[in-house]
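The chain contents come next:
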Amino acid sequence: MTAAPRLAALTLRSLLQPLCAAHRIDLCGVVDLPRRLPHTADWLNWLLKGHHADLEYLLRDPHGRADPNRVRPWARSLLVFAQRYANGWSPDDAEARGGCAEGRPWTAGVSRYARGRDYHDVLRGSIRSIVQSLRTELHARGVLAAESDLQSTDAVDAGPYLEREYAWLAGLGFYGKNTLLIHPKLGSGLFLGVALTSLEITGVADAPRPLVGPAAQRLPQDGMTSLCGKCTRCLDACPTEAFRDAWELDAGACLSTWSIEWRGGAPERRRAEQGGLLFGCDVCQAVCPWNHKAARKLLDPPPPDYAELPEHAELDLAELIALDADAFRARFRRTPLWRAHPEGVRRNALIVAANTGRRDLLPAARHAAEQDPNPEVRAVAAWAVARLEGGSP
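Here's what I pulled together on the structure shown here.

Conventions adopted
Residues numbered from 1 in each chain as written. Predicted model: local features only at pLDDT ≥ 70, side-chain atom pairs only at ≥ 80, totals over all residues. Heavy atoms only, no water. Phe/Tyr/Trp six-rings, centres within 6.5 Å; stacked < 30°, edge-to-face > 60°. Helix = DSSP H or I, 4+ residues; strand = E, 2+ residues; numbered from the N terminus. Buried < 20%, exposed > 50% of the residue type's maximum accessible area, 1.4 Å probe, protein only. 1 Å grid on protein atoms, 1.4 Å probe; cavity = no way out; pocket = protein on both sides within 12 Å on 5 of 7 lines; lining within 4 Å. Points joined across faces, edges and corners; volume = space filled by probe spheres on them. Nonpolar A, V, L, I, M, F, W, Y, C, P; charged D, E, K, R; others polar. Pairing = 2+ DSSP bridges. Polar contact = N/O pair within 3.5 Å; in protein donor to acceptor, adjacent residues only side chain to side chain. Contact = heavy atoms within 4.5 Å. Axes fitted to C-alpha atoms, helices over the stretch in contact; angles between N-to-C directions.

**Digging into the packing of aromatic side chains**
Working step 1: Summed over all chains, the structure comprises 14 aromatic pairs.
Working step 2: Judged by centre distance (6.1 Å) and plane angle (20 degrees), the ring pair of tryptophan 43 and tryptophan 46 falls under stacked. You can see tryptophan 43 and its partner tryptophan 46 sitting in helix α2 (residues 40-48), three residues apart, about one turn around the helix.
Working step 3: With a centroid separation of 6.4 Å and an interplanar angle of 70 degrees, the aromatic rings of tyrosine 85 and tyrosine 113 are classed as edge-to-face. With tyrosine 85 in the loop between β3 (77-84) and α4 (94-98) and tyrosine 113 in the loop between α4 and α5 (119-140), this pair connects stretches of sequence that are 28 residues apart. One exposure class covers both tyrosine 85 and tyrosine 113, and it is buried.

In structure tokens, the structure reads:
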């Protein structure tokens, strides 16, 4: 077996700093592989409790998610990247709680991360470019005999990796009680991505954590200590009481699962809890003091790819209720909204219309109740009509 190429952590840092800056990557760290993940038992117990909300893909090789070397034994390091999509949340952010209620546009009911281009494409493209530049530079320096000597694979929220755990180990932030990774200066509005490489990194224990970006906390042990203290704002504010305890989310009770992942949407008896939120939920982030702190900092805006797409303003809620597959494809391909499918967008628009008292949308809801091609959407439309007419949904 060919020996893995080796590089000092501080040298890697000097190479990554300009590359990350060029691609608007805020944080980058490294984790040695193979590596035992401290929270593996918590991850497996979470699955055993059924808190994965019937998201069956999470059950595919759960041990492999905690150990990438099971499938890729050549991997010797994992680079983890974070990129901002939000500069925190203001304490008086009405959109996070009320969504598109009170006359706000439908995009106000879309989680902040999903208003621009698809982060899978944007961040993964940046990671691949960074790794290729790293490969080229290491070959030029003689670390690699050939560029092909550096094996790598990457993923952004779509691979069998526990990205948040690696980000924690690499010093990119701490675990919030809302289960999100929080950086003390940047908050939790971060996309995460990883790149497994065959590069053996030396001196990781003595290198800054993270390698690139503002320091989160320098500790001699694994990961960062939580800085939540006695605060429970995120747990208390959750509109569906989805947190079973601090650091324990029941995804089956989460608005994001209902409005994005579940093809049937919110349970009928709980549709009213969705309020004006059309796609995803930011409530547990919007109430977090660390995000309030990040919002007060004079940070450069996130990459423009994540800004709200101007073409979204061309649609209104009535048009979303009537959105067919062709229009959905033309409008939302290569955006995070693609995840919900056209039926999901129509269903969520009907729920929001009913919850926000949009009686002007009764004609659109009645038409959907009679004519929508999807029986589940027709059922939600009938519920929305009854609610808007003042009956018992």
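What follows continues from the structure just given.
**Description of empty space enclosed by the protein**
Working step 1: Scanning the model with the defined rule gives two cavities of 30 Å³ or more in all.
Working step 2: Each pocket or cavity is described by its volume, and for the largest cavity that value is around 80 Å³.
Working step 3: Along its surface, the largest cavity is lined by 15 residues, and Glu95, Ala96, Val110, Arg115 and Asp282 are the ones closest to its centre.
Working step 4: Within the lining of the largest cavity, the residues separate by chemical class into seven nonpolar, three polar and five charged.
Working step 5: Estimates place the volume of the second largest cavity at around 60 Å³.

**Overview of unusual backbone geometry**
If a residue is not glycine, its phi is most likely negative; likewise, a peptide bond is most likely trans.
Working step 1: Residue leucine 33 is joined to proline 34 through a cis peptide bond whose omega torsion reads -5 degrees.
Working step 2: With respect to the secondary-structure elements, proline 34 resides in the loop between β2 (27-32) and α2.
Working step 3: Note that the residue after arginine 209, namely proline 210, is joined by a cis bond; omega there is -5 degrees.
Working step 4: With respect to the secondary-structure elements, proline 210 resides in the loop between β8 (200-202) and α7 (233-237).
Working step 5: With a phi angle near 60 degrees, arginine 24 is a residue other than glycine that sits in the positive phi range.
Working step 6: With relative accessibility at 34%, the residue arginine 24 sits in the partly exposed group.
Working step 7: In this model, arginine 334 sits at a positive phi of 70 degrees, which is unusual for a non-glycine residue.
Working step 8: Note that arginine 334 resides in the loop between α12 (325-332) and α13 (341-355).

**Notes on the layout of surface pockets**
Working step 1: The calculated volume of the second largest pocket comes to roughly 290 Å³.
Working step 2: Along the wall of the second largest pocket there are 14 residues; nearest its centre are Thr2, Ala3, Ala4, Pro5 and Gln151.
Working step 3: For the lining of the second largest pocket, the per-class residue count stands at nine nonpolar, three polar and two charged.

**Some points on the pairing of strand β7 (residues 190-197)**
Successive side chains on a regular strand alternate, one facing one side of the sheet and the next facing the other.
Working step 1: Across the eight residues that make up β7, a large majority, eight, are buried.
Working step 2: Residue alternation in β7 divides its side chains into two sets, Leu190, Leu192, Val194 and Leu196 and Phe191, Gly193, Ala195 and Thr197, and both sets are buried.
Working step 3: In this sheet, β7 lies alongside β3 in antiparallel orientation, the contact comprising eight bridges. Bridge pairing in β7 links phenylalanine 81 to glycine 193.
Working step 4: In the sheet, strand β4 (residues 152-155) pairs with β7 via four bridges, with the strands oriented antiparallel. Bridge pairing in β7 links serine 152 to threonine 197.

**Here's the deal with the side chain of glutamine 83**
Working step 1: Within the element layout of this structure, glutamine 83 appears in strand β3.
Working step 2: In this structure glutamine 83 comes out as buried when scored by relative accessible area, which is 1%.
Working step 3: Looking at glutamine 83, its side chain comes within polar contact range of the main-chain oxygen of arginine 24, at 3.1 Å.
Working step 4: Here the side chain of glutamine 83 touches tyrosine 306 through a polar contact of 2.6 Å, side chain to side chain.
Working step 5: If we ignore the near neighbours within four places in the chain, the residues touching glutamine 83 are His23, Arg24, Ile25, Asp26, Val122, Leu123, Gly189, Leu190, Phe191, Pro303 and Tyr306.

**Side note on the sheet that holds β4**
Working step 1: Reading across the sheet, the four strands line up as β2-β3-β7-β4 and stay open at both edges, with antiparallel pairing between neighbours. The two strands at the open ends of the sheet, each matched to only one other strand, are β2 and β4. Strand-to-strand twist in this sheet, taken as the mean axis angle between neighbours without regard to direction, amounts to 20 degrees.
Working step 2: Across the sheet, α5 lies against β3, β4 and β7, angled at about 35 degrees from β7, the strand it touches most.

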